[in-house]
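Report on the structure
Each chain, letter by letter, is given below.
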Amino acid sequence: LGLSGRFTYSYTNRYFFEFNFGYNGSERFHKSRRFGFFPSAGAAWSISNEKFWEPLADKINLLKIRYSYGLVGNDQIGSAADRFYYLSEMNMENSSRGMTFGKKLGEWQPGISLIRDSNPDIGWEISYKSNYGLEMGLWENLTLIAEYFTEKRTNILMDRSYIPNTMGLTYVVRANVGEASGKGTDISLEYQKSWTKDFWTSARANFT
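Residues numbered from 1 in each chain as written. Predicted model: local features only at pLDDT ≥ 70, side-chain atom pairs only at ≥ 80, totals over all residues. Heavy atoms only, no water.

**Points about the overall build of the chain**
Let me state the cut-off plainly: Starting at the N terminus, helices and strands are each numbered in turn, a helix being any DSSP run of H or I of at least four residues and a strand any DSSP run of E of at least two. For the radius of gyration, the atoms used are the C-alpha atoms, and the globule rule reads 2.2 Å times the number of residues raised to 0.38. Whether a residue is buried, partly exposed or exposed follows from its accessible area with a 1.4 Å probe, protein chains only, as a fraction of its type maximum: under 20%, in between, or over 50%, in that order. Contacts are assigned to residue pairs that have any heavy atoms within 4.5 Å of one another. Accessible surface is estimated by sampling points in the Shrake-Rupley manner with a 1.4 Å probe; for residues, cover comes only from the protein chains shown. For the charge count, each Lys or Arg is scored as positive and each Asp or Glu as negative, with His and the chain ends excluded. By convention, the point assigned to a charge is CZ for Arg, NZ for Lys, CD for Glu and CG for Asp.
Per the secondary structure count, the chain includes 0 helices and 12 strands. Seen in sequence order, the chain has helices and strands lined up from the N terminus as β-β-β-β-β-β-β-β-β-β-β-β. Whereas a compact globule of 208 residues would reach a radius of gyration of roughly 17 Å, the chain reaches 28 Å, over 25% beyond that. With respect to the principal axes defined by its C-alpha atoms, the chain has extents near 100 × 35 × 35 Å. Within the chain, the fraction of its 208 residues that count as buried is 25%. Intrachain contacts of the chain at a sequence separation of at least 6 include 56% that bridge at least 24 residues. Carbon and sulfur atoms make up 56% of the accessible area of the chain, which totals about 14600 Å². Side chains of the chain give 24 positive and 22 negative charges; the mean places of these two sets differ by 3 Å.

**Overview of the nonpolar core**
The condition is simple: Buried Ala, Val, Leu, Ile, Met, Phe, Trp, Tyr and Cys residues that are joined via side-chain atoms within 4.5 Å together make up what is termed a nonpolar core.
Grouped together as the largest cluster of nonpolar side chains are 8 residues: F29, F38, I77, Y85, I122, W124, I126 and L157. Each residue touching Y85, except ones within four places of it in the same chain, is listed here: R28, F29, I77, G78, S79, R116, D117, S118, N119, I122 and L157.

**Observations regarding the layout of surface pockets**
What counts here: Every definition here rests on a 1 Å grid over the protein atoms only: cavities are sets of points where a 1.4 Å probe fits but cannot get out, pockets are open sets enclosed by protein on both sides within 12 Å along at least five of seven lines, and lining residues have some atom within 4 Å of a point. Grid points are joined across faces, edges and corners, and a volume is the space filled by probe spheres set on the points. Gly falls in the polar group here, along with every residue not listed as nonpolar (Ala, Val, Leu, Ile, Met, Phe, Trp, Tyr, Cys, Pro) or charged (Asp, Glu, Lys, Arg).
Approximately 240 Å³ is the volume found for the largest pocket. As for the largest pocket, its lining consists of 14 residues, and the residues nearest its centre are D82, I115, R116, V172 and R174. For the second largest pocket, the calculated volume is near 160 Å³. As for the second largest pocket, its lining consists of F16, F17, E18, G42, A43, A44, K64, R66, Y67, S68 and N131. Within the residue set of the lining of the second largest pocket, elements represented by two or more residues are β2 (15-25), β3 (35-46) and β4 (60-74). With 4 residues, β4 is the single largest residue contributor to the lining of the second largest pocket. Looking at side-chain class alone, the lining of the second largest pocket contains 5 nonpolar, 3 polar and 3 charged residues.

**What about the side chain of E50?**
What counts, and what does not: Polar contacts, as used here, are pairs of N or O atoms within 3.5 Å; protein pairs need one atom able to donate a hydrogen and one able to accept it. Residues neighboring in sequence count only if both atoms are side-chain atoms.
For E50, the position within the fold is in the loop between β3 and β4. Within the structure, E50 has its side chain in polar contact with the side chain of Y15 (distance 2.7 Å). What E50 contacts, discounting residues up to four positions off in sequence, is R14, Y15 and W45.

Shape descriptors only; they carry no functional weight alone.
Rendered as structure tokens:
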């Protein structure tokens, strides 16, 4: 179950604003952590559309900077078989923790073992993303787009380590304890030239 929305605004083709949000629910989590709110926002300034830029327009016909920041939620964590984390799960049939009995100890029946304890604290994995962008057009023919982005992921579902055997647990305890981060750059350069009304050429290079 989810609700999403977007609001955009531009002023005189120079200033741009955008706000997005998602309010999402997942059956995987306990009702106290079932819903997550994930907003994002961005802004851009088209400098080349300012009046003071007119003397440079013949050389730099496009100059735009932009920035965005937002949160993304992920409930596709763990395996498909390990779905409802807030519920305990028992092994009712194939447990090795059985018993042998009878006069000649010839009768063996499997017992019941605990596969997983209930854990209402497991919730959404959250990613924090930011993006810095630059768009530049030169002499009406050459276009440069450069972006730098960062991402930090938190609440990654992982196995807990260093739990002593004296706890008596027969299963692996999992929790939102993992973190990861990444960053990168994307650059594209494109050149277009119209030689006649029926003939034009284009070349593009990309770097990541």
